[in-house]
Amino acid sequence: MTDTASAPIQSVLDELIEEFDLLGDWEGRIEYVIDLGKDLKPLPEEARIEANKVPGCAAQVWLNSRREGDVLFFDADSDSALSKGNIALLLRLYSGRNADEILGFDAKAALERLGLPSALTRQRANGLNSMVGRIREAALLAKA
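How each quantity is defined
- Each chain carries its own residue numbering, running from 1 in the written order of its sequence.
- Where totals are concerned, whole chains, interfaces and linings use all residues; where local detail is concerned, this predicted model gives features only for residues with pLDDT of at least 70, and gives and counts side-chain atom pairs only at 80 or more.
- Excluded from the side-chain calculation are hydrogens and water; included are all heavy atoms of the structure.
- DSSP bridges decide pairing: two strands pair if at least two such bridges lie between them.
- Labels follow the DSSP assignment, with helices taken as runs of H or I lasting at least four residues and strands as runs of E lasting at least two, numbered in each case from the N terminus.
- One less than the residue count of a helix, multiplied by 1.5 Å, gives the span that helix is expected to have.
- Relative accessibility thresholds used throughout: buried, under 20% of the residue-type maximum; exposed, over 50%; partly exposed, between the two (1.4 Å probe, protein chains only).
- Polar contacts, as used here, are pairs of N or O atoms within 3.5 Å; protein pairs need one atom able to donate a hydrogen and one able to accept it. Residues neighboring in sequence count only if both atoms are side-chain atoms.

> Explain the pairing of strand S2 (residues 71-78) here, please?
Regular strands have side chains that alternate between both faces of the sheet. By the bridge criterion, eight bridges tie strand S1 (residues 61-68) to S2 in an arrangement that is antiparallel. Among the inter-strand pairings, Glu68 is bridged to a residue of S2, identified as Val71. Linkage of S1 to S2, two consecutive antiparallel strands, is achieved through a turn of two residues, within which Gly69 is found at a positive phi near 65 degrees. Sheet topology note: the S2/strand S3 (residues 97-98) ladder contains two bridges and is antiparallel. Looking at the pairing, Leu72 lines up with Arg97 of S3.

Written as structure tokens, this is what we have:
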């Protein structure tokens, strides 16, 4: 696996595409996403606050952002294995990047290429989009 903090975001996406292509069907991809979530570090209780909740998700999802210089880092958690996996995938793409990288990346096209939205229920796909939206909001705030 590439060191995502130093690799260009497109390289991380290419690596994910390769991994997903090896999995074949949507069931294998969903199982892989759930496995990604198992490696997510637990979110500290003090970050599980209403302000960090991501609206529009089928499950409870918390997303915390922090800034170190020009770089944004994200921590997240969910009470659902699939949502936790989705956020782990997004953190692999976005955490450790500057605002311009985050805002310049077409997440919708990337997720389509991975085949995720079509493998998820409409509500879970909307939740995934809400997670991306929250990450982009943090990037916009960092630029302001």
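Now, onward.
> How do you make sense of helix H3 (residues 81-94) when you look at a structure like this?
Residues separated by three or four positions in an α-helix point in the same direction, a consequence of the helix having 3.6 residues per turn. With 14 residues, H3 extends 20 Å between its outermost C-alpha atoms, agreeing within 8% with the 20 Å of an ideal straight helix rising 1.5 Å per residue. Burial runs high along H3: twelve of the 14 residues are buried. Inspection of H3 places Leu82, Ser83, Gly85, Asn86, Ile87, Ala88, Leu89, Leu90, Leu91, Arg92, Leu93 and Tyr94 among the buried residues, and these make up the whole buried set. Capping the start of H3, Ser80 holds a side-chain oxygen 3.4 Å from the backbone nitrogen of Leu82, two or three residues further along. Two residues or fewer after H3 comes Gly96, characterised by a positive phi angle close to 90 degrees.

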